[in-house]
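Notes for the structure review
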Amino acid sequence: MDAGAFGRLDELFTEDFVYDVAALGYGRLEGARAFVEASVALGDDNPLGHHVTNALVIDAAHDEATVRSKGIGILTNGASGTVVYEDVVRRTDAGWRIARRTVVPRRRPLHSG
């Protein structure tokens, strides 16, 4: 994805996927066309890389699961940011794909309440 291989989105997402980046100010993107348009519009402001780690299956049914993971983005100026991905993944004929991703930015370190 980071290389701009938009023609391969079907290897990652379902046909009807929703990519919710409202918490980052970009709204809710529905489907490949909206996702590609938003990615292209960001241009050089896109991260150089998205690194996903600490994936945890929270709830699973036969053909659908809820997954939470951490994302780290590295920007062209060397800065980095971290998010939590809250995903719903669905089993398709081609394998498991992301049907919905909600991106939740982490802006504060761990703190006691």
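Remember, predicted model here, so these are calculated numbers, not experimental data. Per-chain numbering applies: the sequence of each chain, read as written, is numbered from 1 onward. Whole-chain, interface and lining totals are the exception, using all residues; otherwise, since this is a predicted model, local features are given only for residues with pLDDT of at least 70 and side-chain atom pairs are given and counted only at 80 or more. Processing note: side-chain calculations cover all non-hydrogen atoms of the structure and skip hydrogens and water entirely.

Another point: the overall build of the chain. For the purposes of this entry, the term helix denotes a DSSP run of H or I that reaches at least four residues, the term strand denotes a run of E that reaches at least two, and both are numbered from the N terminus. Each helix and strand counted, the chain has one helix and six strands in total. Along the chain, helices (α) and strands (β) appear in the sequence β-β-α-β-β-β-β when read from the amino end. In summary, the chain has a C-alpha radius of gyration of 15 Å against a globular reference of 13 Å for 113 residues, a match within 12%. Across its three principal directions, the C-alpha atoms of the chain cover 40 × 40 × 20 Å. For a compact globule the rule gives 2.2 Å times the number of residues to the power 0.38, and the radius of gyration it is set against comes from C-alpha atoms.

Moving on, we get to the side chain of Arg101. Tracing the chain through its elements places Arg101 in strand β6 (residues 95-105). Arg101 gets classed as buried once you look at its relative accessible area, which sits at 9%. Polar contact is defined as a pair of N or O atoms within 3.5 Å, subject to the rule that within protein one atom must be able to donate a hydrogen and the other to accept it, and that residues adjacent in sequence are counted only when both atoms are side-chain atoms. Within the local environment of Arg101, its side chain forms a polar contact with the side chain of Asp87, the two groups lying 2.7 Å apart. Any pair of residues with heavy atoms lying within 4.5 Å of one another is described as a contacting pair. When residues no more than four places from it in sequence are discounted, the contact partners of Arg101 are Val18, Tyr19, Asp20, Tyr85, Glu86 and Asp87. Only protein chains enter the area calculation, which uses a 1.4 Å probe; residues under 20% of their type maximum are buried, those over 50% are exposed, and those in between are partly exposed.

Let us now look at the packing of aromatic side chains. Any two rings among Phe, Tyr and Trp, with Trp reduced to its six-membered ring, count as a pair given centres within 6.5 Å; such a pair is stacked if its planes are under 30 degrees apart, edge-to-face if over 60, and tilted if neither. As enumerated under the stated definition, the model contains five aromatic pairs in all. Summarising the aromatic geometry, the rings of Phe13 and Tyr19 are spaced 6.0 Å apart at their centres and angled 85 degrees between planes, so their arrangement reads as edge-to-face. Each ring, one from Phe13 and one from Phe35, has its centre 5.6 Å from the other, and the planes form 55 degrees; the classification is tilted. Here Phe13 is found in strand β1 (residues 13-20), whereas its partner Phe35 is found in helix α1 (residues 31-42), with 22 residues between them in sequence. For Phe35, a relative accessible area of 7% puts it in the buried group.

Whenever a carboxyl oxygen of Asp or Glu lies within 4 Å of a side-chain nitrogen of Lys or Arg, that contact is scored as a salt bridge. Applying the stated rule across the entire model yields eight salt bridges. The partner of Arg90 in a salt bridge is Asp16, and the shortest N-O contact between them spans 3.3 Å. Of this pair, Arg90 sits in strand β5 (residues 80-92) while Asp16 sits in strand β1, and the two are 74 residues apart along the sequence. For Arg90, a relative accessible area of 28% gives the class partly exposed. Note on Asp16: relative accessible area 48%, which makes it partly exposed. Where Arg28 meets Glu30, a salt bridge forms, and the shortest distance between an N and an O atom there is 3.1 Å. Within the structure, one salt-bridge network assembled from shared partners comprises Asp16, Glu64 and Arg90.

The subject of this paragraph is the confidence of the model for the chain. Scored by pLDDT, the chain comes out at a mean of 92, with 98% of its residues at no less than 70. Looking at any residue, its pLDDT shows the predictor's confidence there, from 0 to 100. Of all secondary-structure elements in the chain, the lowest mean pLDDT belongs to α1, at 90, while strand β4 (residues 64-74) reaches the highest, 97.

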